Amino acid sequence: MSVTLIETGLANVASVEAALARLGATALRATGPEDVARADAVVLPGVGAFGAGAAALAERGFAAPLARRIAEGRPTLAICLGLQLLCEASDETHGASGLGVLPVRARRLGAPRLPHFGWSEVTAPSACRVVVGGAAYFAHTYALTELAPLERAGFAVATATEGETFAAAVERGPVVACQFHPELSGAYGAALLGRWLETSRDSADAAHAGEVQRW
Amino acid sequence: MVMPRLIPCLDVRDGRVVKGVKFQGLRDAGDPVERAMLYADSGADELCLLDVSATIEGRRSAVATVAAVRRAIGIPLLVGGGVRSLEDARRLLDAGADKVAMNTAAFESPELVGEVAGALGAQCAVVAIDAARRTEADGWEVVVAGGTRRTGADAVRWAARAEALGAGELLVTSWDRDGTGEGYDLDLLSALGEATRLPLIASGGARDEAHMRDALDRGASAVLAASIFHDGDRTVEACKRALAALGVPVRLAPLPGPATDR
């Protein structure tokens, strides 16, 4: 199973590519909306400002196929700004719209020092299968601080606390979105990526089997 | 609160590690990738690569070294040495660095800090300051060009200015303490903590975990250590366990055992 990486032009994809390669996964860069629609598994990394990221997804035609595959529960991993781009909007850039698959707004984290920069403890409920508890590497200023709407939308929510409690990651089957950087979170992050790849392979195999049966 | 970070540092010249080549337990102690993997697997929170090449060819090979190390390890990578322009910074980040440290060039052309922070993000922009106690007065002055030139400029004031220009983090080396094993300059750390709100990486002078604990207690967010790991006698993991025993809330790998769910 190959993994398709979405470039927003803002993220350093080298770290993500390297992490996937160490786990034996080939990463291909998405060249257009078809790649995102067809891919067995998609990774949306992201660093930088919400407005620029949302604009890049829209301009490159990635927004609609990304939203669709998440709604359909197809393997997707969003990282850092990638998580925030799944929201409706962000306090970071007024007027810009996210994909809206997460029914919340990203807000400025109420922490004494910003950005939240470094290793913090993640607490994961038993409903999370890919995300588990452990220390992960964060580098962000904005965060998802409304957790109940995420749970109502069917996501299991792992949390971290820096000044206030926020979503460290959300998970719904093979759709996983992390505020932290799993590709920079050492053994904890590698294990998480490994579990996501495994879940994605199972999901992709089931989808293909379904297609074969249809024919 | 974020956990205090332990950052081992490798000096690299022309693609080879230059210090600690008598490192125990590695097939090739001079290979940056092998050393980086050892440190990462041993629990390093971040890795610092310092390019000490003197030549243009040497600097070019630094980019290849960064790329090779990036492929091998899954922790944040801070790269410094000879970063003189936005292009230098971009090249290193494209190769896989997460942060770049700017020292002499930032001091001489402070607009570089804003350029890098603006184009690549404050989280990528580390300003490295080498500080030496003034001989004729209180306070510290900035030392540049690998310690060969004392500038007379106030180090604490430069740090505050770097913050205002957009730096995301400061890497502070006490030039007086570096290599002495007498501990970090704690007064310098206190002065910087009062003058800026940026995370501080303390560097220069550590011989043991008590020194590191002292620096972290004085406000450092992270400690950089090179010599103490050079001969391979002290592992990163052992260092972190010793820090934990001293009450420092460092990130530790779970101990293997029947109670641990793997």
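Residues numbered from 1 in each chain as written. Chains lettered and ligands numbered in written order. Predicted model: local features only at pLDDT ≥ 70, side-chain atom pairs only at ≥ 80, totals over all residues. Heavy atoms only, no water.

**Some details on the overall build of chain B**
Secondary structure summary: chain B contains ten helices and eleven strands in total. Against the 2.2 N^0.38 benchmark of 18 Å for 262 residues, chain B shows a C-alpha radius of gyration of 18 Å, consistent with a compact globule. Expressed as lengths along the three principal axes of its C-alpha atoms, the size of chain B is roughly 55 × 40 × 35 Å. Within chain B, the proportion of its 262 residues that are buried is 53%. Put simply, 62% of the contacts in chain B that link residues at least 6 apart link residues at least 24 apart. Of the accessible surface of chain B, which amounts to about 11200 Å², a share of 50% is contributed by carbon and sulfur atoms. (Helix = DSSP H or I, 4+ residues; strand = E, 2+ residues; numbered from the N terminus. Rg over C-alpha atoms; globule rule 2.2 N^0.38 Å. Buried < 20%, exposed > 50% of the residue type's maximum accessible area, 1.4 Å probe, protein only. Contact = heavy atoms within 4.5 Å. Areas by Shrake-Rupley, 256 points an atom, 1.4 Å probe, with all protein chains shown as cover.)

**What to know about the packing of aromatic side chains**
Following the criterion strictly, the structure yields six aromatic pairs over all chains and no others. Measuring from ring centre to ring centre gives 5.8 Å for Trp-119 of chain A and Tyr-137 of chain A, while their planes differ by 70°; the resulting arrangement is edge-to-face. Note that Trp-119 of chain A is positioned in strand E7 (residues 116-122) and Tyr-137 of chain A in strand E8 (residues 134-140), a separation of 18 residues in sequence. Judged by relative accessible area, which is 4%, Tyr-137 of chain A ranks as buried. One aromatic cluster in this structure is built from Phe-138, Phe-166, Phe-180 and Tyr-188 of chain A. Above the ring of Trp-119 of chain A, the side-chain terminus of Arg-251 of chain B is found at 3.6 Å from the ring centroid. (Phe/Tyr/Trp six-rings, centres within 6.5 Å; stacked < 30°, edge-to-face > 60°. Lys NZ or Arg CZ within 6 Å of the ring centre and 35° of its normal.)

**Re the interface of chain A and chain B**
In many analyses, interface size is given as the accessible surface area lost on bringing the parts together. Chain A puts 21 residues into the contact, and the matching count from chain B is 27 residues. Summed over the shared surface of chain A and chain B, the number is zero salt bridges. At the boundary of chain A and chain B, one finds ten residue pairs in polar contact (both at pLDDT 80 or more). When residues of the side of chain A that touches chain B are traced back to their parent elements, those giving at least two are helix H1 (13-22), E7 and E8 of chain A. Considering every element that reaches the side of chain A that touches chain B, the biggest residue donor is E7 of chain A, with six residues. Looking at side-chain class alone, the side of chain A that touches chain B contains nine nonpolar, seven polar and five charged residues. (Salt bridge = Lys/Arg side-chain N within 4 Å of Asp/Glu carboxyl O. Polar contact = N/O pair within 3.5 Å; in protein donor to acceptor, adjacent residues only side chain to side chain. Nonpolar A, V, L, I, M, F, W, Y, C, P; charged D, E, K, R; others polar.)

**A look at the pattern of salt bridges**
Tallied over the full model, the rule gives 28 salt bridges over all chains. With its nearest N and O atoms 2.6 Å apart, the salt bridge here joins Glu-169 of chain B to Lys-99 of chain B. Of this pair, Glu-169 of chain B sits in strand E9 (residues 169-174) while Lys-99 of chain B sits in strand E5 (residues 99-102), and the two are 70 residues apart along the sequence. Judged on exposure class, the residue Glu-169 of chain B and its partner Lys-99 of chain B are both buried. Linked by salt bridges that have partners in common, Asp-91, Arg-105, Arg-107 and Glu-146 of chain A make up one network.

**What about the packing of helix H3 (residues 86-95) of chain B against helix H5 (residues 111-120) of chain B?**
Residues and elements named next belong to chain B. H5 packs onto H3 with a crossing angle of 40° between their chain directions and a minimal axis gap of 9 Å. The orientation of H3 with respect to H5, classified from their angle, is oblique. Between H3 and H5 lies a crossing of right-handed hand. Across the interface between the two elements, Leu-86, Ala-89, Arg-90 and Leu-93 of H3 pack against Leu-112, Glu-115, Val-116, Ala-119 and Leu-120 of H5. Grouping the amino acids of the contact of H3 with H5 by side-chain chemistry returns seven nonpolar, no polar and two charged. (Axes fitted to C-alpha atoms, helices over the stretch in contact; angles between N-to-C directions. Parallel < 35°, antiparallel > 145°, perpendicular 65-115°, else oblique. Left-handed = near helix turned anticlockwise from the far one by under 90°.)

**Description of the sheet that holds strand E5 (residues 87-90) of chain A**
By definition, the strands of a sheet pair up through backbone hydrogen bonds, in either a parallel or an antiparallel sense. All names here are of chain A. Pairing is mixed in the open sheet, where three strands are placed in the order E5-E6-E9. The two strands at the open ends of the sheet, each matched to only one other strand, are E5 and strand E9 (142-143). Looking at chain direction, E5 and strand E6 (residues 102-108) are connected through three bridges and run parallel. Each residue of the ladder has a partner; that of Ala-89, found in E6, is Arg-105. (Pairing = 2+ DSSP bridges.)

**Focus on the nonpolar core**
One finds Leu-47, Leu-49, Val-116, Leu-170 and Met-212 of chain B to be the most contacted residues of the largest nonpolar core, which totals 80 residues. With residues up to four places along the chain from it excluded, the contact list for Leu-49 of chain B reads Leu-10, Val-12, Val-66, Val-69, Leu-77, Leu-78, Val-79 and Gly-80 of chain B. Val-3, Leu-20, Val-130 and Trp-196 of chain A belong to the second-largest nonpolar core, a separate cluster that totals 35 residues. (Core = buried A, V, L, I, M, F, W, Y, C linked by side-chain atoms within 4.5 Å.)

**Observations regarding the confidence of the model for chain B**
Residues and elements named next belong to chain B. On average, residues of chain B carry a pLDDT of 91, and 96% of them reach 70 or more. By mean pLDDT, helix H9 (residues 227-230) is the weakest element of chain B at 84, and helix H6 (residues 155-165) is the strongest at 98. Here the complex is predicted with pTM 0.93, and the ipTM for its interfaces comes to 0.92. (pLDDT = per-residue confidence, 0-100.)

**Section: the pairing of E7 of chain A**
All names here are of chain A. Of all seven residues in E7, six are buried; the element is thus mostly enclosed. Here E7 pairs with E8 via seven bridges, running antiparallel. Within the sheet, the bridge partner assigned to Trp-119 lies in E8 and is Tyr-137.

**Examining the sheet that holds strand E4 (residues 76-79) of chain A**
All names here are of chain A. What the seven strands build is an open sheet, ordered E2-E1-E3-E4-E12-E11-E10; its pairing is mixed. Two strands bound the open sheet, and with one partner strand each, they are strand E2 (27-29) and strand E10 (156-162). Across this sheet, the average inter-strand angle for adjacent strands is 20°, counted without regard to direction. Here four bridges tie E4 to strand E12 (residues 175-178), and the two strands are oriented parallel to one another. Bridged to Ile-79 within E12 is Cys-178. With respect to the sheet, helix H4 (residues 63-71) is in contact with strand E3 (41-44), E4, strand E11 (164-172) and E12, its orientation differing from that of E3 by roughly 120°.

**Quick word on unusual backbone geometry**
That bond from Leu-114 of chain A to Pro-115 of chain A is cis: its omega, -5°, falls within 30 degrees of zero. With respect to the helices, strands and loops of the structure, Pro-115 of chain A is situated in the loop between E6 and E7. Unlike most non-glycine residues, Asp-14 of chain B shows phi in positive territory, near 50°. A positive phi angle, close to 55°, is found at Ala-145 of chain B, a residue other than glycine. Residue position: Ala-145 of chain B is located in the loop between strand E7 (140-144) and strand E8 (149-154). On the accessibility criterion, Ala-145 of chain B (37% relative accessible area) is partly exposed.

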